Amino acid sequence: MKSLPVLALLLWICSLFYMGILLFVGGFLLVRLEVNRTSTCADVLPPGADVKGDFCLKEPRFRRAVVLIIDALKADFTRYDPGNTSPKAFENKLPILDEMASSRPSQARLYTFRADPPTTTMQRIKGFTTGSLPTFIDVGNNFASSAVLEDNLVHQLGQAGKRVVFMGDDTWVSLFPRKFHRSLPFPSFNVKDLHTVDNGILQNIFPTMEGDDWDVLIAHFLGVDHCGHRFGPDHPAMAEKLTQMDEVIRSVIKRLQNDTLLVVMGDHGMTDTGDHGGESQKETDAALFLYSGSPLFPSPGSQMEPEVVPQTDLVPTLALLLGVPIPYSSVGQVLLPLFPLNSSLGASMSLSQAEALWINVKQVNRFLETYSNMAKDIPADGLSQLQSHFTQLSSQYLSSVSEGAPPSAELTASMQAYLNSVRETCRASWARFNPLKMAAGLLVLGLACVACFVLTELSLMVLQGSVLKAPLLSGLLAGAAVAACQLFTLGFVEVSWCFGVGALMSEVAFLWRIRWAFTRGSSSARLSVWRLLNPPLLVLFLRCASLLSDSYVISEGRVVTFLLFTLGLYIPLRLNWDGLLVPSPPSDTQKPPGLLPPALPLSTVRRESTALLVSVAVLVGCLYISLSFHSCREEQGSCQPSAFLTPLSRVQDSRMRNLHYILSVASLSAWAFLLHRWLRHYGNLNCTSVAVFTARCLLPLASICMGLHWAVSATPGDSFRNLAELISLAQVVLPRIAFGLLGLGLLLLWLDPLTVFLKMRAPLNSRGTSVPPPKYRASTGVSPQAELHHLIPQLYQRIRQSLEDGGSEGDEADGRPAVEAYGLGTVYSAPLVLLCGLLGLGLLLLHAEGMAVAFLLMLLQAAAVLHLHSSSSTLSSLQSHSSVFSVPWAPVVLWSLAASQFFHATGHLPTFPSIQWGAAFVGFPQGHSGTVLPASLVTLNTFASHIMFAVGCPLLLFWPLVREARGTRTGRSGEDGDDVVMEMRLRENPQQFSSALLQLAARYLFITGAQVLASVCAAAILRRHLMVWKVFAPKLMFEASGFIVSSVFLLVGVTLVMRVDVAVARLFQKLLPENSSSMVSTMLPVLMELFLSNNRYQFQGQSSTIKL
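Residues numbered from 1 in each chain as written. Predicted model: local features only at pLDDT ≥ 70, side-chain atom pairs only at ≥ 80, totals over all residues. Heavy atoms only, no water.

Caption draft 1: Main features of the overall build of the protein chain. The number of helices and strands found in the protein chain is 34 helices and 13 strands. Out of the 1108 residues in the protein chain, the part that is buried amounts to 57%. In the protein chain, of all internal contacts separated by at least 6 residues, the share reaching a separation of at least 24 is 80%. Total accessible area computed for the protein chain in this model is approximately 44800 Å², and 59% of it derives from carbon and sulfur atoms. (Helix = DSSP H or I, 4+ residues; strand = E, 2+ residues; numbered from the N terminus. Buried < 20%, exposed > 50% of the residue type's maximum accessible area, 1.4 Å probe, protein only. Contact = heavy atoms within 4.5 Å. Areas by Shrake-Rupley, 256 points an atom, 1.4 Å probe, with all protein chains shown as cover.)

Caption draft 2: Quick look at the state of the cysteines. Applying the stated criterion to the full structure yields one disulfide. Disulfide partner of C632: C639, at an S-S distance of 1.9 Å. When the S-S torsion is -60°, as for the bridge of C632 with C639, the disulfide is left-handed. (Disulfide = S-S within 2.5 Å.)

Caption draft 3: Representation of the sheet that holds strand β7 (residues 285–292) within the structure. Spatially, β4-β3-β5-β1-β6-β7-β2-β8 is the arrangement adopted by the eight strands of the open sheet, whose pairing is mixed. The open sheet is flanked by β4 (182–186) and β8 (308–310), the only strands paired with a single partner. The mean angle between the axes of side-by-side strands here comes to 20°, regardless of whether they run parallel or antiparallel. Bridge count between strand β2 (residues 108–114) and β7: seven bridges; the pairing is antiparallel. (Pairing = 2+ DSSP bridges. Axes fitted to C-alpha atoms, helices over the stretch in contact; angles between N-to-C directions.)

Caption draft 4: Spatial organisation of the pattern of salt bridges. By the definition in use, this model includes 20 salt bridges. As a salt-bridge pair, D246 and R250 come within 2.8 Å of each other at their nearest N and O atoms. Placement of the pair is D246 and R250 together in helix α8 (residues 236–255), with a separation of four residues, close to one helical turn. Residue classification places D246 among the buried positions, given a relative accessible area of 7%. The salt bridge partner of E556 is K1035, with a shortest N-O separation of 2.7 Å. Of the two residues, E556 is situated in helix α20 (residues 556–577) and K1035 in helix α33 (residues 1028–1071); the sequence distance between them amounts to 479 residues. For E556, a relative accessible area of 1% corresponds to the buried category. Taken together, the shared-partner salt bridges connect R543, E556, K1035 and E1039 into one network. (Salt bridge = Lys/Arg side-chain N within 4 Å of Asp/Glu carboxyl O.)

Caption draft 5: Examining helix α3 (residues 121–130) more closely. When you tally the buried positions in α3, you get ten out of ten residues, the bulk of the element. If you check which residues of α3 are buried, you get T121, M122, Q123, R124, I125, K126, G127, F128, T129 and T130. Once α3 finishes, G131 follows within two positions and takes phi at roughly 80°, a positive value.

Caption draft 6: A look at the packing of aromatic side chains. Tallied over the full model, the rule gives 30 aromatic pairs. Centroid distance W678 to Y682: 4.9 Å. Interplanar angle 50°. Geometry classified as tilted. Judged by relative accessible area, which is 7%, Y682 ranks as buried. Centroid distance Y828 to F993: 5.2 Å. Interplanar angle 70°. Geometry classified as edge-to-face. Here the residue Y828 occupies a position in the loop between β11 (817–822) and α26 (829–845), and F993 occupies one in helix α32 (residues 990–1021), the gap between them amounting to 165 residues. Through a chain of ring-to-ring contacts, the aromatic side chains of F128, F166, W172, F176 and F180 assemble into a single cluster. Above the ring of W214, the side-chain terminus of R64 is found at 4.2 Å from the ring centroid. Sitting above the plane of the F206 ring, R255 keeps its charged end 4.3 Å from the centroid. (Phe/Tyr/Trp six-rings, centres within 6.5 Å; stacked < 30°, edge-to-face > 60°. Lys NZ or Arg CZ within 6 Å of the ring centre and 35° of its normal.)

Caption draft 7: Seen up close, the nonpolar core. In terms of nonpolar packing, the biggest core is built from 196 residues, with F28 and F1006 touching the most fellow members. Of the residues forming this core, the biggest block, 21 residues, is contributed by α33. Those residues in contact with F1006 that lie beyond four places of it in its chain are C449, C452, F453, L532, L537, L540, F541 and W889. (Core = buried A, V, L, I, M, F, W, Y, C linked by side-chain atoms within 4.5 Å.)

Caption draft 8: Representation of the pairing of β2 within the structure. In terms of residue burial, β2 counts as a mostly covered element, since five of its seven residues are buried. Here β2 runs beside β8; their pairing, made up of three bridges, is parallel. Directly across from R114, in β8, lies its bridge partner P310.

Caption draft 9: Inspection of the packing of helix α31 (residues 955–962) against α32 at higher detail. At a minimum axis distance of 9 Å, the contact between α31 and α32 shows a crossing angle of 130°. Taken together, α31 and α32 sit at an angle that is classed as oblique. Only F993, A996, L997 and L1000 of α32 make contact with α31, whose side of the interface consists of L956, L957 and F958. Tallied by class, residues from the contact of α31 with α32 come to seven nonpolar, no polar and no charged. (Parallel < 35°, antiparallel > 145°, perpendicular 65-115°, else oblique. Nonpolar A, V, L, I, M, F, W, Y, C, P; charged D, E, K, R; others polar.)

Caption draft 10: The arrangement of a nonpolar patch on the surface in detail. Where nonpolar side chains cluster on the molecular surface, the patch consists of L22, L487, V493, V495 and F499 and spans about 420 Å² of accessible area. Inspection of the secondary structure puts L22 in helix α1 (residues 3–28). (Patch = residues over 30% accessible without salt bridge, like charges linked within 9 Å, V, L, I, M, F, W, Y side chains within 5 Å.)

Caption draft 11: Geometry of helix α16 (residues 469–489). Between its first and last C-alpha, α16 extends 30 Å over 21 residues, near the 30 Å set by a 1.5 Å rise per residue. Looking only at α16, the buried set comprises P471, G475, A478, G479, V482, A483 and Q486. In a view along the axis of α16, the buried residues occupy a sector of 135°, so they form one face of it. Summarising the geometry of α16, the exposed residues directed more than 90 degrees from the buried face are K469, L473, L476, L477, L487 and F488. Phi for G491, located one or two positions after α16, is positive at around 85°. (Expected span 1.5 Å × (residues − 1). Arc of directions from axis to C-beta.)

Caption draft 12: Representation of the packing of helix α27 (residues 851–876) against helix α30 (residues 944–951). α30 packs onto α27 with a crossing angle of 30° between their chain directions and a minimal axis gap of 12 Å. Overall, the two elements α27 and α30 adopt an arrangement that is roughly parallel. Between α27 and α30 the crossing geometry is right-handed. Every residue of α30 that contacts α27 at F855, M858 and A862 is listed here: A944, S945, M948 and F949. Here the contact of α27 with α30 is composed, by residue class, of six nonpolar, one polar and no charged. (Left-handed = near helix turned anticlockwise from the far one by under 90°.)

Caption draft 13: Up close: the confidence of the model for the protein chain. A residue-level look at the protein chain finds 81% of positions with pLDDT of 70 or above and a mean pLDDT of 81. No element of the protein chain has a lower mean pLDDT than strand β12 (residues 1098–1099), at 30, and none a higher one than α30, at 96. A low-confidence stretch, residues 762–800 stays under pLDDT 50, and its non-local contacts, those more than four residues away or across chains, total 103 contacts. Every residue in residues 1074–1108 is under pLDDT 50, and counting partners more than four places away or in other chains gives 79 contacts. (pLDDT = per-residue confidence, 0-100.)

Caption draft 14: Broad picture of the environment of A451. Counting through the fold element by element, A451 comes out in helix α14 (residues 435–457). According to the relative accessible area criterion, A451 is buried, its value standing at 0%. Expressed as a C-alpha distance, the spacing of A451 and V508, which sit 57 residues apart in the sequence, is 9.0 Å. Ignoring any residue separated from it by four or fewer positions in sequence, one finds A451 in contact with W12, I13, F510 and L511.

Caption draft 15: Fine view of the environment of D1061. Along the chain, D1061 turns up in helix α33. For D1061, a relative accessible area of 8% puts it in the buried group. Along the sequence, D1061 and P753 sit 308 residues apart, while their C-alpha atoms lie 9.7 Å from each other.

Caption draft 16: Summary view of the environment of H928. Here H928 shows up in the loop between α28 (889–905) and α29 (932–942). On a C-alpha basis, the gap between H928 and F189 in space is 7.7 Å, while along the polypeptide they are 739 residues apart. Setting aside chain neighbours within four positions, we find H928 in contact with A920, F921, L933, P934 and L937.

Here's what the structure looks like:
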């Protein structure tokens, strides 16, 4: 087998897709240019007057401020309804806010505080400290926070000499390093920890307030947010946490002085499942509460109150109230109700509404001019309209001031309209698309798909012709040339362009090399575009075209299930149409037997037809049941997420919790039992290798640890208070033991993947003694059943005897013992099945306990697809003239659809709020010191189905051989049509084996790569669509990430097959004479062919031996 060429070609194809994705994403994802300038009190904003500055002319209205940030304080949490007699867990738990706003309307207000997506904590902190709008690319930095470089409130407060004290979420310390007078950060990433951060704040906030060593106090509570992630909003733990926050606010209000402003706010909301990150109204609508001991607002009803306050508006409002400059890049608008309606322009007490708005307008106009000169991405016509509007405002305001009259209400409304226009223009324009990069990425991805399809159709020719050298060399030279040109002309190297140009030139060279081989006529292979028009690929193209529809993306889980169901039914219908599903007698019984076309035995046709129909029934049943495990998008309205997605710790009904636990443990046991039963059935558990030790010992032990871990995790926190420490220890130890056992099993499987048992017989007495015909009985002494399972005895003895009969007696070694090999018929598939079993348990551990049923359905559905493919191949063997090892498109498309279908059937969605962050804390409830491990765990959780089906993809090649029966391989001369050697048939022709494995892997990559290309096209075409950042951009990110994960684990599966092939070659080498060991690599294919052509095999039932 040509291992290195196959791996090199697959790595090359994968790298082409990677480069295309990198190039396109670099030109597509939004990146806003940051203006690294700061405002100062001495700034004179045009049109300026003869003053020292605009920002700090008057005394600040408040000397101090207390800012309480309650993470994920949803607007619904703050509403109080005394008539609600049966409130939910999150309702009516914060009465203090409504009490103060109702009883003291001149001192308190409660607003809906609307965030800009993405609604993740780091982006929200940036938003309400800088006053700027985030971009899509920012969401990727939520767990790798970097310092804020733009002008912000924290910096301005420090520059003004105010002592800013912070306590709470440690994200602030990484965003604003060395900016605080004093800071008390607490770790924030452990979403299962509800109390550490909040308790740390409570121990310090009141002593700090009572002291005099602060001017601005910022406290960021995390308990509500973590409670939502862990239990959801409608849970008793949420009621306790909100009640605690109510008591905190009451205590803070009691300690406030009249010159201190209190701000209570949420950074974002949460969905009904406790998640956030998207742009649904439940995620964007938080609460904002403002209070002061002195009158803060004019008389009620004196002016219109805003229904919703954008988060960016908090920045200029706090800046002017505290007497500091508005941050340079802020596009927010001052909250007018906090400023008096009319005030003498020369008064030194405080700013009026018109004065505050005028300063705000001039500051935003200055930023707009600076940014437009730097970035050039704001449309010229829109910029011209805004500048004209500002000119009019300036003229009207300055005329009013010169006349000594207060600005009119119309002028105030016009200034507000200008600020709103600037914000909306920036929001629409801050999309720095790079069309050239996007086009180059599309081109690289498109040619990668073409090259991949060529590889699927001409895999044998490509392996024989060594066509990869020229593409690799041309790609490297082109990339190096681009790097040199950039370095010479620009002074730096942009890596994405180097990789992109190198990938493009490599693709062109490969396709040119293939065309050259065709023009020479050196190959009998044929390549036709019409091969793309077979029904399975039409299903793929239909799905790819549907990615241009946001409705399809929203309902993709159910649509993919339908496509999988349709293609599963297509296979038996096609066989029935071809007359292969139902056995029929020969059309002309008068012809001599030699003139009749070859036909399968009727018993074989009946058996395979029954197996095929049963497989279809199992597939349909699994598809139907798997719909019960789907989650819901915000756009799906009345959809209810599956109850199995809820961790057992969040299930309040004890009976339902017990039922879910029993189902989970039963599914886990069934998973382990089915794997063990399959390996035992095919004789792969007879030897004493480390792989068998993994299957017999490590797999069951890991399953037991997982069951115990689920039991401990499901225990309510208040049930066994005296065992709290032991439970906490078990939550750490049990999953880590399970991870350790599974990791050890994977390592042992890689080191020694063979599961073949060799039994040595008595040696021959002497060289001259004739060898009697061997008699094989099921009496090996291993066990009455295990010794019957697919015994392939005495391979080398029969090879040697065949050579001896042909006159090659000189090569025989006297005294060599005869050998019987158990499990040799499934030598390739058994390690893959065991690998899938180990990976499946590890991935299941990262999911909620209820997903054990979904994982069992995944196993059954994969088995159904494999059996469907195997029976279809057997029934089609008479009609098909293709290679025995070639896997058709239909099962590969089915396999890929199953991966996508179970992505949704395990509770995942292509949206950021649906990411199951709790996976990062399985075995690590106290959190992590870095980000690599938690990010890896979350990635494994999110793409579990992609991993399982990618690593198990080579099973599509082996399964028809595993289920091979007598008479199913036709078209061979003589009596070899009855040969049953199962996977040993692969060693008859290593060239075809390598070609078939390469073709299968390339077909899987083509299918997944085509889906990435379709997502890229949808994002490029619809980049100005209303739903681009809500639907198409997340879909692109998930599709691209899924391809990367799938390709990596596909290479893992292929590499394991090659590892097994090397081990099998070494096994055969041990059976050859010592003096011929140097000829193994060249003679073994010849010996096997001679061996198979001179001997007959008889297969006696499913549990019989193979006689030589």
